[in-house]
Amino acid sequence: WSSDVCSSDLYRGLCEQTRLITYLNGERLSMDLSKAKICIPSSSGGHLTHMWLLRSVWERAADRFWVTFDKEDANSLLEGERVYHCHYPTNRNIPNLLTNTVLAWKVLRKERPDLIISSGAAVAVPFFLIGKMLGSKCVYVEVFDRVDKSTMTGRMLNGVADLFVVQWPEQLGVYKSAVDLGSIF
């Protein structure tokens with residue numbers, strides 16, 4: 001995609017998705033999505049919307065499953081998708097972090113995904129850490145609303161993710177080894 005086309009509001013999100021697919025298929029991850037199983041752990045609300053907007057990426061996968069909260073917005077959006085429900089609240093809640101870590105261990109050992117992709121929030125952490133131990137590639141997409149500051153989940157997963165994607169050039173100064181692919185919106 002040319003930079004002129006990608007700078008227009010109409011195509012900006014599609015350009016990031018195309019670039020992400022290029023990164024997944026390229027040297028960085030060497031992944032054929034048509035043969036891959038994807039795990040998408042995500043808090044409900046905006047984080048889940050971020051992942052839903054990457055539909056052109058995850059629809060290419062041979063198989064996929066979601067991990068999110070058992071909440072009305074998530075259940076209606078993911079109707080017809082394969083979903084594991086995790087426990088919430090997750091931010092700064094140690095008992096639910098431990099419960100979700102056990103869930104991550106069970107789900108990831110059963111499913112054995114090739115790729116884990118998430119924009120957070122905290123539910124992504126145990127899935128990335130255990131997924132890496134089990135050999136999954138991990139892609140973290142930092143949320144759109146953080147322009148020049150890091151998120152807690154981003155700080156925790158910056159050194160863990162195989163590909164750390166930001167949506168603003170300003171975020172390149174916040175995260176080491178990040179790749180700016182532009183906005184998914």
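Draft legend 1. The arrangement of the overall build of the protein in detail. If you tally the helices and strands in the protein, you get eight helices and seven strands. Classification of the 185 residues of the protein by burial places 50% in the buried group. Only carbon and sulfur atoms are counted for the fraction: they give 53% of the accessible area of the protein, which is about 8900 Å².

Draft legend 2. Seen up close, the packing of helix α6 (residues 94–111) against helix α7 (residues 124–133). Following both chains from N to C, one finds α6 and α7 inclined at 35°, their axes separated by 9 Å at the closest point. For the element pair α6 and α7, the recorded crossing hand is right-handed. Of the residues in α7, those in contact with Leu 97, Asn 100, Thr 101, Leu 103, Ala 104, Trp 105, Val 107 and Leu 108 of α6 are Pro 126, Phe 127, Ile 130, Gly 131 and Met 133. Its residues assigned to classes, the contact of α6 with α7 comprises ten nonpolar, three polar and no charged.

Draft legend 3. Fine view of the confidence of the model for the protein. Of the residues in the protein, 86% reach a pLDDT of 70 or more, and the chain-wide mean stands at 87. No element of the protein has a lower mean pLDDT than helix α1 (residues 3–7), which averages 45, and none a higher one than strand β3 (residues 83–86), which averages 98. Contacts from residues 1–5, a stretch scored under 50 in pLDDT, to residues over four places away or in other chains number seven contacts. Residue range residues 7–12 is modelled with pLDDT below 50. Its contacts to residues more than four positions away, or to other chains, number six contacts.

Draft legend 4. Here's a closer look at helix α3 (residues 46–53). Every buried residue of α3 is accounted for by Leu 48, His 50, Met 51 and Trp 52. Buried residues along α3 sit against β1 (37–41), α4 (55–58), β2 (63–69), α5 (72–77), β4 (115–118) and β5 (137–141).

Draft legend 5. Representation of the side chain of Thr 151. Structurally, Thr 151 is set in the loop between β5 and α8 (152–157). In this view, Thr 151 contacts Tyr 140, Glu 142, Val 143, Arg 146 and Tyr 175; residues no more than four positions away in its chain are not counted.

Draft legend 6. Summary view of the packing of aromatic side chains. One pass over the structure, following the stated rule, counts nine aromatic pairs. Considering the side-chain rings of Tyr 140 and Phe 164, the 5.1 Å spacing of their centres and the 35° angle between planes classify their relative orientation as tilted. Of this pair, Tyr 140 sits in strand β5 while Phe 164 sits in strand β6 (residues 163–166), placing them 24 residues apart in sequence. When sorted by exposure, Tyr 140 lands in the same class as Phe 164, which is buried. For the pair Phe 144 and Trp 168, a centre-to-centre distance of 5.0 Å together with 35° between the ring planes defines the contact as tilted. Of this pair, Phe 144 sits in the loop between β5 and α8 while Trp 168 sits in the loop between β6 and β7 (178–180); the two residues are 24 residues apart in sequence, bridging distant segments of the chain.

Draft legend 7. Here's a closer look at a positive patch on the surface. On the surface, Arg 92, Arg 146, Lys 149 and Arg 155 cluster together into a positively charged patch. Checked against the element boundaries, Lys 149 lands in the loop between β5 and α8. The exposure class of Lys 149 is exposed, given its relative accessible area of 58%.

Draft legend 8. Looking closely at the pattern of salt bridges. According to the stated counting rule, one finds eight salt bridges in the structure shown. Ionic pairing is found between Glu 59 and Arg 55, a salt bridge with its closest N-O pair at 2.8 Å. What makes Glu 59 partly exposed here is its relative accessible area of 42%.

Draft legend 9. Representation of the state of the cysteines in the model. Here the structure, examined in full by the defined rule, presents zero disulfides. For Cys 39, which is in no disulfide, the shortest distance to another cysteine sulfur is to Cys 138 and amounts to 8.8 Å.

Draft legend 10. The arrangement of the side chain of Ser 119 in detail. Relative to the elements of secondary structure, Ser 119 occurs in the loop between β4 and α7. Discounting chain neighbours no more than four positions away, the residues touching Ser 119 are His 47, His 50, Met 51, Tyr 140, Val 141 and Val 143.

Conventions adopted
- Each residue is numbered by its place in its chain's sequence as written, counting from 1.
- A pLDDT threshold of at least 70 governs which residues receive local features in this predicted model, and a stricter bar of 80 or more applies before side-chain atom pairs are shown or counted, although totals over entire chains, interfaces and linings include all residues.
- With hydrogens and water excluded, all non-hydrogen atoms of the structure serve as input to the side-chain values.
- Each helix corresponds to a stretch of at least 4 residues labelled H or I by DSSP, and each strand to a stretch of at least 2 residues labelled E; elements are numbered beginning at the N terminus.
- For the exposure calls, accessible area comes from a 1.4 Å probe over protein chains only, and a residue counts as buried if that area is under 20% of its type's maximum, exposed if over 50%, partly exposed in between.
- Only the protein chains shown count as covering a residue, and every accessible area follows the Shrake-Rupley method with a 1.4 Å probe.
- What counts as an axis is a line fitted to C-alpha atoms, over the stretch in contact for a helix, and the angles between N-to-C directions run from 0 to 180 degrees.
- Whether a crossing is left-handed or right-handed is set by the direction in which the near helix is turned from the far one by less than a right angle, anticlockwise for left-handed and clockwise for right-handed.
- Any two residues having at least one pair of non-hydrogen atoms within 4.5 Å are treated as being in contact.
- Amino acid classes used here: Ala, Val, Leu, Ile, Met, Phe, Trp, Tyr, Cys and Pro are nonpolar; Asp, Glu, Lys and Arg are charged; the rest, including Gly, are polar.
- Every residue is assigned a pLDDT by the predictor, reflecting its confidence on a scale from 0 to 100.
- Pairs were defined over the aromatic rings of Phe, Tyr and Trp, the Trp ring being its six-membered one, requiring ring centres within 6.5 Å. Orientation was assigned from the angle between planes: stacked under 30 degrees, edge-to-face over 60, tilted for the rest.
- In this analysis, a patch consists of residues with relative accessible area above 30% that form no salt bridge, clustered at 9 Å for like charges and at 5 Å for the nonpolar side chains Val, Leu, Ile, Met, Phe, Trp and Tyr.
- For this analysis, a salt bridge means a side-chain nitrogen from Lys or Arg found within 4 Å of a carboxyl oxygen belonging to Asp or Glu.
- Charge convention: Lys and Arg are scored as positive, Asp and Glu as negative, and His as well as the terminal groups of each chain are ignored.
- Here the site of a charge means atom NZ of a Lys, CZ of an Arg, CG of an Asp or CD of a Glu.
- Any two cysteine sulfur atoms within 2.5 Å of one another count as a disulfide.

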